Amino acid sequence: VQLVESGGGLVQPGGSLRLSCAASGFRFDDYTIGWFRQAPGKEREGISCIDSSRNYTHYADPVMGRFTISEDNAKKVVYLQMNSLKPEDTAVYYCAATLLGYNTGCYFAYEYDYWGRGTQVTVSS
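Within any chain, residue numbers begin from 1 and follow the written order of that chain's sequence. Totals for whole chains, interfaces and linings use every residue, but because this is a predicted model, local features are given only for residues with pLDDT of at least 70 and side-chain atom pairs only at 80 or more, for both listing and counting. Neither water nor hydrogens contribute to the side-chain values; these are computed over all heavy atoms in the structure.

Trainee: Please explain the state of the cysteines as it appears in this structure.
Mentor: Covalent bonding between the sulfur atoms of two cysteines is what defines a disulfide. Disulfide assignment relies on a single distance test, namely cysteine sulfur atoms paired within 2.5 Å. Applying the stated criterion to the full structure yields two disulfides. Here Cys-49 engages in a disulfide with Cys-106; their sulfurs sit 1.8 Å apart. Every disulfide takes its handedness from the sign of the S-S torsion; for Cys-49 and Cys-106 that torsion is -100°, giving left-handed. Of the two residues, Cys-49 sits in strand β5 (residues 45–51) while Cys-106 sits in the loop between β9 (91–98) and β10 (114–115), which places them 57 residues apart along the sequence. Classification of Cys-49 as buried rests on a relative accessible area of 0%. Taken N- to C-terminal, the disulfide-bonded cysteines of the chain are connected 1-3, 2-4. Each helix is a run of DSSP H or I of at least 4 residues and each strand a run of E of at least 2, with the numbering of both proceeding from the N terminus. Remark: exposure states derive from per-residue accessible area (1.4 Å probe, protein chains only) relative to the maximum for the residue type, with buried under 20%, exposed over 50%, and partly exposed in between.

Listed below in structure tokens is the structure:
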């Protein structure tokens with residue numbers, strides 16, 4: 001089982017990035033994929049998730065209206081389009097997979113079985 005994030009980098013405030021999470025080694029369609037982030041000195045926080053089999057997506061308040069999650073089942077890739085980036089979005093971003101389905105939220109990290117190694121996003125002028 002493997003999750004690999006990519007697409008991070010340095011961007012100016014107001015800019016955009018698209019993160020990718022490539023999955024392999026498990027039945028992708030059966031899983032909810034979540035995006036989490038961890039800034040220096042802070043706890044890991046969940047920011048978005050997607051379960052395409054149930055047509056379910058969710059966004060945490062800090063990213064609502066700025067980030068968009070999507071999934072390409074054929075390629076087994078989940079994307080996180082991040083627009084209007086702010087310095088407080090600076091963090092290591094992780095994707096994770098869980099067999100659980102959700103009706104609201106999806107942000108308890110302990111519920112996720114598989115994790116990627118993360119990709120750094122830095123928002124700075």
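There's plenty left to go through after this.
Trainee: Mind showing me how you'd approach the packing of aromatic side chains here?
Mentor: What describes a pair of aromatic rings is the distance from one ring centre to the other and the angle between the planes of the rings. Pairing of aromatic rings covers Phe, Tyr and Trp, the last counted by its six-membered ring, and requires centre-to-centre distances within 6.5 Å; plane angles under 30 degrees mean stacked, over 60 mean edge-to-face, and any other angle means tilted. Here the structure, examined in full by the defined rule, presents nine aromatic pairs. With centroids separated by 6.4 Å and ring planes inclined at 45°, the aromatic side chains of Phe-26 and Phe-28 adopt a geometry described as tilted. Classification of Phe-26 by relative accessible area gives buried; the value is 10%. Ring geometry for Phe-108 versus Tyr-110: centroids 5.6 Å apart, planes at 40°, classification tilted. When the ring centre of Tyr-94 is taken as reference, the NZ or CZ atom of Arg-44 above it lies at 4.0 Å. Charges are assigned to positions over rings by a cutoff of 6 Å between ring centre and Lys NZ or Arg CZ, combined with an angular limit of 35 degrees from the ring normal.

Trainee: Can you help me understand the nonpolar core in this one?
Mentor: A general feature of soluble globular proteins is that nonpolar side chains tend to end up buried together. Throughout, nonpolar core names a set of buried Ala, Val, Leu, Ile, Met, Phe, Trp, Tyr and Cys residues whose side chains join them through atoms within 4.5 Å. Counting residues in hydrophobic clusters, the biggest one holds 28 residues, and the most contacted among them are Ile-33, Trp-35, Phe-67, Val-78, Leu-80, Met-82 and Tyr-93. Looking at this core, the elements with two or more residues in it are β3 (17–24), β4 (32–38), β5, β7 (67–72), β8 (77–82), β9 and β11 (119–123). One finds Cys-49, Tyr-56, Ala-96 and Tyr-112 within the second-largest nonpolar core, a separate group that totals seven residues.

Trainee: Looking at this model, I keep getting lost on the sheet that holds β8. Mind explaining?
Mentor: Sheet strands associate in pairs through backbone hydrogen bonding, adopting either a parallel or an antiparallel arrangement. At least two DSSP bridges between two strands are needed for those strands to be called paired. Ordered in space as β1-β3-β8-β7, the four strands form an open sheet in which the pairing is antiparallel. With one partner strand each, in any of the chains shown, β1 (2–6) and β7 form the two edges of the open sheet. When strand polarity is set aside, the average angle formed by the axes of neighbouring strands in this sheet is 15°. With axes taken as lines fitted to C-alpha atoms, and helix axes fitted only over the stretch in contact, angles between N-to-C directions fall between 0 and 180 degrees.

Trainee: I keep staring at the side chain of Glu-5 and nothing clicks. Help me out?
Mentor: With respect to the secondary-structure elements, Glu-5 resides in strand β1. Charge convention: Lys and Arg are scored as positive, Asp and Glu as negative, and His as well as the terminal groups of each chain are ignored. Each reported salt bridge corresponds to a side-chain nitrogen of Lys or Arg within 4 Å of a carboxyl oxygen of Asp or Glu. No salt bridge is formed by the buried Glu-5; the nearest opposite charge belongs to Arg-44, separated by 7.7 Å. Any pair of N or O atoms that falls within 3.5 Å is considered a polar contact. Within protein, one atom must be able to donate a hydrogen and the other to accept it, and sequence-neighbouring residues count only if both atoms are side-chain atoms. Within the structure, the side chain of Glu-5 is placed 2.9 Å from the backbone nitrogen of Cys-95, a separation counted as a polar contact. The contact definition used throughout considers only heavy atoms, calling two residues in contact when any of these lie within 4.5 Å. Setting aside its immediate chain neighbours within four residues, Glu-5 contacts Ser-20, Cys-21, Trp-35, Tyr-93, Tyr-94, Cys-95, Gly-116, Arg-117, Gly-118 and Thr-119.

Trainee: Would you explain unusual backbone geometry in this entry?
Mentor: Across the chain, the bulk of peptide bonds are trans and the bulk of non-glycine residues have phi less than zero. Not every positive phi belongs to a glycine, and Lys-76 is a case in point at roughly 60°. Along the chain, Lys-76 falls in the loop between β7 and β8. With a relative accessible area of 33%, Lys-76 lands in the partly exposed category. If you check the backbone angles, Ser-84 has positive phi at about 50° while not being a glycine. Here Ser-84 lies in the loop between β8 and β9.

Treat this as a map of the structure, not an account of what it does.
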